[in-house]
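As a plain string of letters, each chain reads:
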Amino acid sequence: MKNIIVVAMPLAALLLASCAAFSGANPPGNTTYFVDPVKGDDARRGRSVRTAWKSLAKINALKLAPGDKVMIAPGRHEITLKPSAEGTAQKPVVIQFLPGVHEFGVEHAIRLPMFVSNSCDAPNEPKPIGILVQNARHVRLQGGGVDGPGKTEILYAGRMVELFNDHAEDIEYSGLVF
């Protein structure tokens, strides 16, 4: 009986390795994802401009790894961007807002209770948040520039907290106009 187990174990390991090789499974990281709120479709793969996802929900559901990149086309984003991201200093996660106007809607935004000194109208009510970077490391949120043809604007449709970094490390914003 021991001989059968000894033979079966290497055979099982070989079968598992073969299945993984043919399944198309990629190691985490170094993947580019695309979101286009105007032309995208969440039923697609999200791995090219032509197969872009429509909503940020698909990005929010991922665990972004070192070297991953997210390309976001301009348009109206109906929910909060809340990336789950664990980059490294050498290979950060990059979220690239393409040039144009990106508007975040307030209706379906994540709301958190927080005291914001200039919101005395309802200081104890949870505030909607446009971009929430929480429990993340080594993330770059980038735009095409602050003026000229690459200008990338982030707008908020209603009163909300624009950005909120919570328990986040090495988060950088650049090339964006708020």
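Structure first, text after, so check above.
Given the structure is predicted, the values throughout are model-derived calculations rather than measurements. (Residues numbered from 1 in each chain as written. Predicted model: local features only at pLDDT ≥ 70, side-chain atom pairs only at ≥ 80, totals over all residues. Heavy atoms only, no water.)

Participant: Looking at this structure, I do not really get the overall build of the protein chain. What am I missing?
Facilitator: For the protein chain, the helix and strand inventory stands at two helices and 13 strands. Counting only residues that meet the buried cut, the protein chain has 36% of its 178 residues in that class. Sequence separation of 24 or more characterises 66% of the internal contacts of the protein chain that already satisfy a separation of 6 or more. (Helix = DSSP H or I, 4+ residues; strand = E, 2+ residues; numbered from the N terminus. Buried < 20%, exposed > 50% of the residue type's maximum accessible area, 1.4 Å probe, protein only. Contact = heavy atoms within 4.5 Å.)

Participant: Could you clarify how one ought to interpret the nonpolar core in this entry?
Facilitator: For soluble globular proteins, nonpolar side chains are generally found buried alongside one another. Residues Leu-81, Phe-97 and Leu-141 are the most contacted members of the largest nonpolar core, which totals 26 residues. Where this core is concerned, the elements lending two or more residues are strand 1 (32-35), strand 3 (69-72), strand 6 (93-97), strand 7 (100-108), strand 9 (127-134), strand 10 (137-142) and strand 11 (152-157). By residue number, the principal contributor to this core is strand 6, which donates three residues. Each residue touching Leu-81, except ones within four places of it in the same chain, is listed here: Leu-56, Ile-59, Asn-60, Ile-72, Ile-95, Phe-97, Phe-104, Gly-130, Ile-131, Leu-132 and Leu-141. (Core = buried A, V, L, I, M, F, W, Y, C linked by side-chain atoms within 4.5 Å.)

Participant: Whenever I open this one, the sheet that holds strand 8 (residues 110-112) confuses me. Can you help?
Facilitator: Within a sheet, neighbouring strands are paired by backbone hydrogen bonds and run either parallel or antiparallel to one another. In space, the three strands of this open sheet follow the order 8-9-12, with mixed pairing throughout. In this open sheet, the two edge strands, each paired with only one partner strand, are strand 8 and strand 12 (161-166). Each adjacent strand pair in this sheet contributes to an overall mean axis angle of 60 degrees, direction not counted. In this sheet, strand 9 lies alongside strand 8 in antiparallel orientation, the contact comprising three bridges. For Ile-110, the partnering residue across the bridge sits in strand 9 and is Ile-129. (Pairing = 2+ DSSP bridges. Axes fitted to C-alpha atoms, helices over the stretch in contact; angles between N-to-C directions.)

Participant: Would you take a moment to explain the packing of aromatic side chains for this structure?
Facilitator: The relative placement of two aromatic rings is captured by the distance of their centres and the angle of their planes. In this structure the tally under the stated criterion is two aromatic pairs. Here Phe-104 and Tyr-156 contribute two aromatic rings whose centre-to-centre distance is 5.7 Å and whose plane-to-plane angle is 25 degrees, an arrangement assigned as stacked. With Phe-104 in strand 7 and Tyr-156 in strand 11, this residue pair connects regions lying 52 residues apart in the sequence. (Phe/Tyr/Trp six-rings, centres within 6.5 Å; stacked < 30°, edge-to-face > 60°.)

Participant: I keep staring at the sheet that holds strand 1 and nothing clicks. Help me out?
Facilitator: The five strands are arranged 1-3-6-10-13 in an open sheet whose pairing can be described as parallel. Every other strand in the sheet has two partners, leaving strand 1 and strand 13 (169-174) as the edge strands with one partner each. Neighbouring strand axes in the sheet, compared pairwise and without regard to direction, differ in orientation by 10 degrees on average. Here strand 3 pairs with strand 6 via four bridges, running parallel. Paired with Ile-72 across the strands is Phe-97, a residue of strand 6.

Participant: Just to check I follow, could you spell out the environment of Ser-84 for this structure?
Facilitator: Relative to the assigned elements, Ser-84 resides in strand 5 (residues 84-85). The class for Ser-84 is partly exposed, based on a relative accessible area of 24%. Those residues in contact with Ser-84 that sit more than four places away from it in its chain are Leu-62, Lys-63 and Leu-64.

Participant: Before we go on, may I ask you to explain unusual backbone geometry in this structure?
Facilitator: Note: most residues except glycine have negative phi, and most peptide bonds are trans. At Asn-135, a position not held by glycine, the phi torsion is positive, near 55 degrees. Structurally, the position occupied by Asn-135 is in the loop between strand 9 and strand 10.

Participant: How should the pattern of salt bridges be read in this particular structure?
Facilitator: Note that side chains of opposite charge can pair when their charged atoms are close. The tally for this structure, following the rule as stated, stands at six salt bridges. In this structure, Arg-76 engages Glu-78 in a salt bridge whose closest nitrogen and oxygen atoms are separated by 2.9 Å. Its relative accessible area of 29% is what places Arg-76 among the partly exposed residues. In this structure, the salt-bridge partner of Glu-103 is Arg-76, at a minimum N-O distance of 3.4 Å. With a gap of 27 residues between them, Glu-103 in strand 7 and Arg-76 in strand 4 (residues 75-79) connect regions that are remote in the sequence. Beyond isolated ion pairs, a larger network of salt bridges with shared partners links Arg-76, Glu-78, Glu-103 and Glu-107. (Salt bridge = Lys/Arg side-chain N within 4 Å of Asp/Glu carboxyl O.)

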